Structure formats: structure tokens, C-alpha cells
Amino acid sequence: MTARYQNLVSTRMLAAHCDDVDWVILDCRFDLDAPASGREAYIQGHIPGAVYADLDTDLSGPVSPRSGRHPLPEPADLASVFSGWGIGPGTQVVAYDDSHGTFAARAWWLLRWLGHNHIAVLDGGLSAWKRAGLPMTTAIPQRAPGGFEMRLRNEMSIDAAEIEAQIAAGAIVLDARTAERFMGEFEPLDEKAGHIPGAHNFPYMANLDRHGRFLPPSELRLLFDAALCGESADHVICMCGSGVTACHNILAMEIAGLHGARLYPGSWSEWCHDPDNPVAIGPDT
């Protein structure tokens, strides 16, 4: 029976399966400042067999006046996208990007949200692939629809209305943004600076080594155990600016053997848009 991967795969393992009909590779490259650049980079060259997954049009739903910058897609629409990429019940999916795994982790989380467990992120991303001297191509794959089967896991996310009550009840909110954004020293993307009162800062880059690969499970476990202050992983809510890099922390927790953290999809971009929501400035307390 073919091995299945749920968190990470190595460049060597992916290289051995680029032509495997039971594997689907997602190129998730994206730039928040230049949204078209990811697709352009894909066209110029990508890992053989990869299809392009666009953060704005594939991995997010339409922005509304009350939503954050990258709201979750409608589940049925997302399932249709996954099926169109050739993802079926037995498909192994691998996602990669060139941004430390941030956008690939979003695809990883979304597939799990819709009930597909065989999804992993390429450890080290496209940079590791290129450092290994592995091939790139401009060929666009043609895949037959995969018949994706959706089993929605609503328990994996939480909405804005629940956050304050959850914090008061002892939940740990981990904000994956940089310390400067979390503390409100500057805000390049959203209309207000700061963070949700009671949240704690856990920048997602802390999950990686100097080569851009995830730290070993034991090291990640030490980092998150310190951040959780004795709480169990299923009492953790992960957030960021718009619900994307927060998925990186959830992936890192899964690698560390800490299961059940939930995502606040709207994250800071949704929270700060409501004038009635409180805002904290400075370090967490």
C-alpha cells in the first residue's frame, strides 16, 4: 500500500512522485503586494506536474464589507475547485510556495477542513527544490476531475463572536504576525494597528530553521509548550492578519504532536474592521 503523508514531505520524496497519477502538486506562490506575480512565476517555471492554486481566487472566498481580507471559500465551491485539480478520495496532495510555506499551509488547512487527510507541505518549499538541483518545467498538466468527497469539519474554525468568551474561558489565542505588527508599531495592510486583547504573539517564522525548513518535532514541541502555558492544544485559537499565516502555526503544532488547534479565519483584518471590537497596543500581557 502506498504511504500517505499528512504534514510534510521532503524534496526527495516529492521528486519520486511527480509523475504519479495518485499525487496532485499545488503551486501556491503568491505575493500580497503583487497578486498576479504568483501565477506569472508559475507560468515561467514550476515543479513538474504542479497546478496553480491562487490565494485570492481559489483558496479564499469573495471579500465582503464585514469579512477579513481572505475569507474562507464556500465549502461546496472549494470542493469543486479541488475536484477540478484532480483530487479524489485517495489522492496524495503536496503544496509548496516560495514564502516559507505560508500559502502552502493555507491549502493544507483548507483540504483538512473539507475532510481530506492526505495533504502535506513541501518542507523547505521551492527554494529547497532548487537547491537540490531538481527539475522545473513550463508544461501545464491536464488532469481529469478527481471526484473530491467533502466531509466538512466545522469544529476546526471559530468566528469573531466567540473569541472574547473563549479567551475569558482560558483559551490561548496565538497571533502569527510579526512582533511589530502585533504590538501596533506599524500596520502595512489593515486599517488599525494592534491586537486582540488577551492574545499572545507567536510569529510563524519561529517554526523554521535558517534553511526555511520546519524545526524538528521535539524543538517545535518545546516552543509551543512554552506558549500554551499548560493548556491543551484544543484550547488554542490561531490567528494572523487574514487567516493565512495562522495555518503555518497550526501545521507546526501538528508536526509537534499537538492536535486540535482552531483557526480564526477572519483574523485581525476582520476584527479591526468592527469599531466595537477592543484593540490592544504593546506586548501581550
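Residues numbered from 1 in each chain as written. Predicted model: local features only at pLDDT ≥ 70, side-chain atom pairs only at ≥ 80, totals over all residues. Heavy atoms only, no water.

The next subject is the sheet that holds strand E4 (residues 92-96). Reading across the sheet, the 5 strands line up as E1-E5-E4-E2-E3 and stay open at both edges, with parallel pairing between neighbours. Two strands in the sheet have a free side with no partner beyond their single neighbour: strand E1 (8-9) and strand E3 (50-52). As paired elements, E4 and strand E5 (residues 119-122) share 3 bridges and run parallel to each other. Bridge pairing in E5 places Val94 opposite Ala120. With respect to the sheet, helix H2 (residues 37-44) is in contact with strand E2 (23-27) and E3, its orientation differing from that of E3 by roughly 150 degrees. Running at roughly 175 degrees to E5, helix H4 (residues 102-113) makes contact with E2, E4 and E5 of the sheet. (Pairing = 2+ DSSP bridges. Helix = DSSP H or I, 4+ residues; strand = E, 2+ residues; numbered from the N terminus. Contact = heavy atoms within 4.5 Å. Axes fitted to C-alpha atoms, helices over the stretch in contact; angles between N-to-C directions.)

Turning next to the sheet that holds strand E8 (residues 236-239). In spatial order, the strands read E7-E6-E8-E9; together these 4 strands make up an open sheet with parallel pairing. For this open sheet the edge positions go to strand E7 (200-201) and strand E9 (262-263), each flanked by a neighbour on one side alone. Two strands pair when backbone bridges link them, and E8 and E9 are joined in this way by 2 bridges, in the parallel orientation. What sits directly across from Cys238, in E9, is Leu263.

The final tally for this structure, using the stated rule, is 9 salt bridges. Here Glu187 ties to Arg177 by a salt bridge, and the two come within 3.5 Å at their closest N and O atoms. Of this pair, Glu187 sits in the loop between helix H7 (179-182) and E7 while Arg177 sits in the loop between strand E6 (172-175) and H7; the two residues are 10 residues apart in sequence, bridging distant segments of the chain. Like Glu187, the residue Arg177 is buried in the burial classification. The partner of Arg221 in a salt bridge is Asp225, and the shortest N-O contact between them spans 3.2 Å. Placement of both Arg221 and Asp225 in helix H8 (residues 217-228) is noted, with a separation of 4 residues, approximately one turn of the helix. Judged by its relative accessible area of 34%, Arg221 is partly exposed. (Salt bridge = Lys/Arg side-chain N within 4 Å of Asp/Glu carboxyl O. Buried < 20%, exposed > 50% of the residue type's maximum accessible area, 1.4 Å probe, protein only.)

With 5 of 5 residues buried, E2 is to be regarded as a mostly interior element. Side chains of E2 alternate between two faces, with Trp23, Ile25 and Asp27 and Val24 and Leu26 buried alike. Here E2 runs beside E4; their pairing, made up of 5 bridges, is parallel. Its bridge partner lying in E4, Val24 is registered against Val93. One ladder, built from 3 bridges, connects E2 with E3; its direction is parallel. Its bridge partner lying in E3, Asp27 is registered against Tyr52.

Remark: H4 packs on helix H9 (residues 246-255), axes separated minimally by 8 Å, with the N-to-C direction vectors making an angle of 70 degrees. In terms of their interaxial angle, H4 and H9 are classed as roughly perpendicular. Listed contacts from H9 to Thr102, Ala105, Arg106, Trp108, Trp109 and Arg112 of H4 are Cys247, His248, Ile250, Leu251 and Glu254. When the residues that make up the contact of H4 with H9 are grouped by side-chain class, the tally is 6 nonpolar, 2 polar and 3 charged. (Parallel < 35°, antiparallel > 145°, perpendicular 65-115°, else oblique. Nonpolar A, V, L, I, M, F, W, Y, C, P; charged D, E, K, R; others polar.)

Okay, the side chain of Asp175 next. Positionally, Asp175 belongs in strand E6. Looking at Asp175, the relative accessible area reads 0%, which means it is buried. The contacts of Asp175, once residues within four sequence positions are left out, are Phe182, His195, His200, Asn201, Phe202, Pro203, Met239 and Cys240.

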